[in-house]
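Analysis of the macromolecular model
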Amino acid sequence: MEAIDTAPDSWDQEDDGEAQVDEQLSKAFTTSLNVDAKPFVPNVHAAEFIPTFRQKDSAEPVESAGDVEVSEPEAPPMENGDAEMGADDTWEQKGKDSPQEEGMEEEEEVVPTPKVAPTQPNAPKKEHVNVVFIGHVDAGKSTIGGQIMYLTGMVEKRTLEKYEKEAKEKNRETWYLSWALDTNQEERDKGKTVEVGRAYFETEKKHFTILDAPGHKSFVPNMIGGASQADLAVLVISARKGEFETGFEKGGQTREHAMLAKTAGVKHLIVLVNKMDDPTVNWSLERYEECKEKLVPFLKKVGFNPRKDIHFMPCSGLTGANLKEPAEYCPWYTGLPFIPHLDSLPNFNRSSDGPVRLPIVDKYKDMGTVVLGKLESGSISKAQQLVMMPNRHTVEVLSLLSDDVETDDASPGENLKLRLKGIEEEEILPGFILCNAENLCHTGRTFDAQIVIIEHKSIICPGYNAVLHIHTCIEEVQITALICLVDKKTGDKSKTRPRFVKQDQVCIARLRTAGTICLETFKDFPQMGRFTLRDEGKTIAIGKVLKLVAEKD
């Protein structure tokens, strides 16, 4: 055993040993150190250091690398300061240039968001537009959404290849594009959207948020939540033989969704006739016109103006034809493809100086309380004091994320994530509203509304119960009294009280909800004065709030 490992017999021996070592050290320092040497200055232009084991296999793409600089040995040497900037500025081009970086990006595939970040700080803010994709089950809503994200560079080709491989293994190879939006396992296994998927893309003039609504009739409440945040709706219909007909018949979702979108306040509707590449259709003009002829009268009945509010266009979600570039198989369609058409739409007028109104869509815990919603009016900034209605909790905004990019202030129409202080996550429910303290929104349980009975087999009498969907709020409601009938053509009100109303009639009724909700009259604030009534999984009536009735204590 060496001397160092054994314990010394006495302290004196140990001291001697240390003294010898000290002597040797001081000798070495005085002889070999140059005390007059120049101070060390690092060379920022030095070539990048690459370990030897990397040099050998630098020809192959390095999959495991987590760091951009190491995984691209062929990059020219950069200054320290520029490397940070360069990584952001050339991100878009890099993805296209060499397959090597794509290998690296696969590691980070879970968060495809940072691509939006490098906007110049002084650039004017692009207008935010929320687009909701609606339509019958399997019309191709998620696939079109996924294809748009790919065409605008929000999803890497590599990621889609991975999805395609996984989808092939499950014998679902045409579903891979929808997986960019249907992220949870259940949605992917069944091929059905359940939650409203969110993603965003940018064009030259605008910043779009895609809201991918579920088409299945069991998830219509989720779809209403999505449509209530939208500025424009894209109704996707399938041109495939048989599929269009099923979606459009009485029980299909094409009709119900178009109606709900109108009720939710969507003014502009784009109808995408999808699956034009299907062998049964083969880009035929006859089939396109046939779908169009059947839809127009119905959309007109719902309240859209065919000349101004509706725009039809053929496309194929799977191949991406006519989404960004015009399709060569389709010489008869002369309009703009889908994405350029969205970009050319006129701006929406929104009042940023109005009262703050932010209906809450969802909430969760993440280092505090986080709420999601679309700012309907007013503007919110960091550290602002707001009030959560109807519970009147005063909260403070700790941080603001607009489409996952942190900002200091937000204007109307933006989808926000707010981290709040002064309220627990359990105390918030979807349908609550953030307001500014000077101008609170109205709350109550009883209100008078004009309602149109859309679909109900029997008659509706006072005492009828249904589920009320108003902005993002869902609440049980009872029709307590029918006040009068309204003539559809002339708008005249009946003198006597009706005893019942039936399908296709318009009436003014008094409604009372089970709990207190936030609402406004349609005249004052349309987004919070429109509602739908649903029962047994069907939409029974749509309506607008005319008057709020004060509670009798």
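Residues numbered from 1 in each chain as written. Predicted model: local features only at pLDDT ≥ 70, side-chain atom pairs only at ≥ 80, totals over all residues. Heavy atoms only, no water.

The name recorded for the protein chain in an unreviewed UniProt entry is G1 to S phase transition 1, like, from Cyprinus carpio. Note on the protein chain: under the UniProt heading Catalytic activity (unreviewed entry), the record states "GTP + H2O = GDP + phosphate + H(+)". In its Sequence similarities (unreviewed entry) section, the UniProt record describing the protein chain reads: "Belongs to the TRAFAC class translation factor GTPase superfamily. Classic translation factor GTPase family. EF-Tu/EF-1A subfamily." (UniProt positions renumbered as here; feature names shortened; annotations may be inferred.)

**Some thoughts on unusual backbone geometry**
Here M389 and P390 are connected by a cis peptide whose omega angle stands at 5 degrees. Its place among the elements puts P390 in the loop between strand 10 (385-389) and strand 11 (393-402). The backbone of D504 sits at a positive phi, close to 75 degrees, despite the residue not being glycine. Within the element layout of this structure, D504 appears in the loop between strand 18 (473-486) and strand 19 (506-518). Judged by relative accessible area, D504 falls into the partly exposed class, the value being 41%. Residues other than glycine seldom take positive phi values, yet E536 does so here, at roughly 50 degrees. (Helix = DSSP H or I, 4+ residues; strand = E, 2+ residues; numbered from the N terminus. Buried < 20%, exposed > 50% of the residue type's maximum accessible area, 1.4 Å probe, protein only.)

**What to know about the packing of aromatic side chains**
One pass over the structure, following the stated rule, counts five aromatic pairs. Consider the rings of F201 and F208, whose centres lie 5.1 Å apart with planes at 15 degrees: the pair is stacked. Taken as a pair, F201 and F208 share a single burial class, namely buried. For the pair Y288 and W332, a centre-to-centre distance of 5.0 Å together with 45 degrees between the ring planes defines the contact as tilted. Residue Y288 is located in helix 12 (residues 285-302), and its partner W332 is located in the loop between strand 6 (310-314) and helix 13 (338-344); the two are separated by 44 residues in the primary sequence. (Phe/Tyr/Trp six-rings, centres within 6.5 Å; stacked < 30°, edge-to-face > 60°.)

**Here's the deal with the pattern of salt bridges**
The final tally for this structure, using the stated rule, is 20 salt bridges. Put simply, E406 and K382 hold a salt bridge, and the shortest N to O gap is 3.6 Å. Linking E406 in strand 12 (residues 405-407) with K382 in the loop between strand 9 (380-381) and strand 10, this pair joins segments that are 24 residues apart in sequence. Looking at K382, the relative accessible area reads 34%, which means it is partly exposed. (Salt bridge = Lys/Arg side-chain N within 4 Å of Asp/Glu carboxyl O.)

**Some details on the sheet that holds strand 17 (residues 464-470)**
Read once around its circumference, the closed barrel built from six strands follows the order 16-19-18-17-20-21, with strand pairing classed as antiparallel. Going from strand to strand, the sheet's axes swing by 45 degrees on average, the running direction of each strand aside. Bridge analysis of strand 18 against strand 19 gives eight bridges, and the strand direction is antiparallel. Pairing of L485 across the sheet is with C507, part of strand 19. On the sheet, helix 9 (residues 220-227) packs against strand 17, strand 18 and strand 20 (530-535) and is oriented at approximately 175 degrees with respect to strand 20. Sitting on the sheet, helix 11 (residues 253-263) is in contact with strand 20 and strand 21 (538-549), with an inclination near 145 degrees to strand 20. (Pairing = 2+ DSSP bridges. Axes fitted to C-alpha atoms, helices over the stretch in contact; angles between N-to-C directions. Contact = heavy atoms within 4.5 Å.)

**What to know about helix 9**
Counting buried positions along helix 9 gives six out of eight residues, so the element sits mostly inside the fold. V220, M223, I224, G225, G226 and A227 are the residues of helix 9 that are buried. Residues of helix 9 that are buried make contact with strand 1 (127-134), strand 3 (206-212), helix 11, strand 17 and strand 20.

**Some details on the packing of helix 9 against helix 11**
Relative orientation of the contacting elements helix 9 and helix 11 amounts to 35 degrees, with a least axis distance of 10 Å. Our pair here, helix 9 against helix 11, has a crossing hand that is right-handed. Mapping the contact onto sequence places V220, M223 and I224 in helix 9 and Q253, E256, H257 and L260 in helix 11. Across the contact of helix 9 with helix 11, the residue classes tally to four nonpolar, two polar and one charged. (Left-handed = near helix turned anticlockwise from the far one by under 90°. Nonpolar A, V, L, I, M, F, W, Y, C, P; charged D, E, K, R; others polar.)

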